[in-house]
Amino acid sequence: MTEAVKETKAQRVERLKREQNPWEAYEDILRFAREGWDSVPPEWFGTYFRWWGIYTQGDGVGAIGGKNGEGKAVRNFMVRIRIPNGALESHQLGTIADLAEWHGGGVGDITVRQNIQLHWVKLESLPEVFRALWLQGVTTLGSCGDVTRNITGCPLAGVDADELADTSPLVHAGTQMLNGNPAFYNLPRKFKVSIAGCRTWCSYPEINDVGLTAVRHPATGEIGFSLRVGGGLSTDPHLGVRLDAFVRWEEALPVLKAVAEIFRDSDVLRQNREKARLKFLFLQHGWTAERFLKAIEERLGRVLAPGVPDDPPDDVYRDHVGIHPQKQRDFCYVGTAVLRGRLTAEQMRAAAELSERYGSGVIRTTSMQNLVIPNVPRDHASSLARELELVGLPLDASPFRRGTVACTGSEFCKLALTETKGFARDLVETLERQLPGFDQHIKIHVTGCPNSCGQHWIADLGIEGKKVKVGGQLVDAYYFCVGGAVGRHQAVARPIGLRLPATDVAPAIERLLRAFLSGRRVAENFRQFSARHTDDELRVLLAGELVEAVARDAAPAGPPHGVDG
């Protein structure tokens, strides 16, 4: 008798997706909520729930508590709320605050895709959470799974005094076109889109599957878009490839749909879950920018106009922190730094109430995990800033507070190796205390595993979670990558061969930054300083002594599930 061939993970997931569109199975979720945890079949925990923005929550230990690179789950869920363009109204944020208090342990996390995540949500609470959000015009649909994730954009769309165009209508139209559409429920993996009209590229087109960035045609003055495809980080970082196309406004959505169809119909990307992102057409399957553009034009049935130069931003935070003028006369927007992206229910309520009292009842989330309140009369901005400060949301933020990003970490994520949120808070507070006058641009991104949900590959200092043995005990540690950047100086951070226990990271960064301050050339920034130092030299500056280089650990055996926001 011939032994049955065991399905690969990719084959199993592809079979499950063919058998059911999870978006058509909400009644099953209602039944599970009535009948309890034991009524839920494994395919829902491992696959289908994600289409509804739901992940099982880890037990606080992270990946080492389980096997095959994934930790144990508890009987609670992480629920990700989809916020296209980061646009919220006060009543919506107020409802999210209520849900965080009633069902989420009193906190919510802003993600690097402008979403808000709740934790500790119980199975029986899911219908109540969904209904409360839907009544406010908010959804979790499609914020996880092999679908188009939250479409990001500039949170200042329509108010930025320097923007080229308000692209938020395209973000919302693109969301309507792709999210919930049965033609796009079964993509090979997640599909990330950025559409923005600002000059700071704050929604990171360089690391999206599709990045549409507003540009003015030098000959006609027409506002259209430059187009990048195939960006993504995770364990194989790849910055988006710019195509030779000037995408006119009315072509933006057809082009987006064409790229989504190319991705959907790429059977070669369905063979291996770890190599299923759009970027692998470039990394492994020989695609070029010219081939990709031709494939888009074949779908459109027409040729796109040749591209025109765009203007990537220089070294900027892209965080919108502070008080800045709007295009509307006598109005400004007020951006506050949310340390590690974590908000309490009380802070969410306060931000919602303050947005009504001082602004127009509008709040925006950013890709650097911050909050912005627009439409504030200029004369009232200082008062708003003081009130935000009172609830722990400062505007006068240090470069460390402004530039630090942290993923979910082992507190809730089953894939993480290290705890990140508390670590990032302590790191920022230590650096503020030890280097109180530091005023240079610096981005420190903390990620709890190789999957780069904290985007460490594009940070000045990217630190990647590991485990090491100290005194016979496994402890949190971090591996250093240096020199990542986006914009005009885009580069993937380079691993420099240094791994330190978590307790040694803050002193190491302090040593490096003191060396930068004392040894930099005239007008030299940290990116330039680190670029002219070798890996060996940077290890010495960080460790305080000559240390032998260690290689990055290989990624876990299991495929990354894309828990980034």
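Structural data are supplied above this passage.
Please read these numbers as outputs of a predicted model, since none were measured by experiment. (Residues numbered from 1 in each chain as written. Predicted model: local features only at pLDDT ≥ 70, side-chain atom pairs only at ≥ 80, totals over all residues. Heavy atoms only, no water.)

Topic: the nonpolar core
Right, so step 1: Of all hydrophobic cores here, the largest spans 59 residues; its most connected members are Trp44, Phe49, Trp52, Phe77 and Leu126.
Right, so step 2: In terms of residue count, helix H10 (residues 345-358) provides more of this core than any other element does, six residues in total. (Core = buried A, V, L, I, M, F, W, Y, C linked by side-chain atoms within 4.5 Å. Buried < 20%, exposed > 50% of the residue type's maximum accessible area, 1.4 Å probe, protein only. Helix = DSSP H or I, 4+ residues; strand = E, 2+ residues; numbered from the N terminus.)

Section: the sheet that holds strand E3 (residues 87-89)
Right, so step 1: One open sheet accounts for five strands, arranged E3-E13-E14-E11-E10; its pairing is antiparallel. Strand pairing shows two members of the sheet lacking a second neighbour, E3 and strand E10 (322-325), which therefore form its edges. Neighbour-to-neighbour, the strand axes of this sheet turn through a mean angle of 30°, independent of strand direction.
Right, so step 2: In this structure, strand E11 (residues 331-336) lies alongside strand E14 (residues 371-377), joined through five bridges in antiparallel fashion. Note on E14: the bridge partner recorded for Phe331 is Pro377.
Right, so step 3: Its contacts with the sheet put H10 on strand E13 (362-365) and E14, and the angle it makes with E14 is roughly 20°. (Pairing = 2+ DSSP bridges. Axes fitted to C-alpha atoms, helices over the stretch in contact; angles between N-to-C directions. Contact = heavy atoms within 4.5 Å.)

A few points about the pattern of salt bridges
Right, so step 1: Going through the model one piece at a time under the given rule, you end up with 41 salt bridges.
Right, so step 2: With a closest N to O distance of 3.7 Å, Asp314 and Arg488 form a salt bridge. Of this pair, Asp314 sits in the loop between helix H9 (289-300) and E10 while Arg488 sits in the loop between strand E18 (473-482) and strand E19 (494-501), and the two are 174 residues apart along the sequence.
Right, so step 3: Close ionic contact of Glu411 with Arg342 constitutes a salt bridge, the shortest N to O distance being 3.1 Å. Of the two residues, Glu411 is situated in the loop between strand E15 (404-406) and helix H13 (421-434) and Arg342 in strand E12 (residues 342-344); the sequence distance between them amounts to 69 residues. (Salt bridge = Lys/Arg side-chain N within 4 Å of Asp/Glu carboxyl O.)

Focus on the packing of H10 against helix H11 (residues 381-390)
Right, so step 1: Contact geometry of H10 with H11 gives a least axis separation of 11 Å together with a crossing angle of 170°. Between H10 and H11, the interaxial angle falls into the category roughly antiparallel. Where H10 abuts H11, its residues Leu354, Arg357 and Tyr358 lie against Ser383, Leu384, Glu387 and Leu388.
Right, so step 2: Here the residues of the contact of H10 with H11 are counted per class, giving four nonpolar, one polar and two charged. (Parallel < 35°, antiparallel > 145°, perpendicular 65-115°, else oblique. Nonpolar A, V, L, I, M, F, W, Y, C, P; charged D, E, K, R; others polar.)

Structural notes on the environment of Val540
Right, so step 1: Structurally, Val540 is set in helix H16 (residues 535-543).
Right, so step 2: On the accessibility criterion, Val540 (30% relative accessible area) is partly exposed.
Right, so step 3: For the pair Val540 and Leu512, spaced 28 residues apart in sequence, the C-alpha separation works out to 8.8 Å.
Right, so step 4: Each residue touching Val540, except ones within four places of it in the same chain, is listed here: Glu545 and Leu546.

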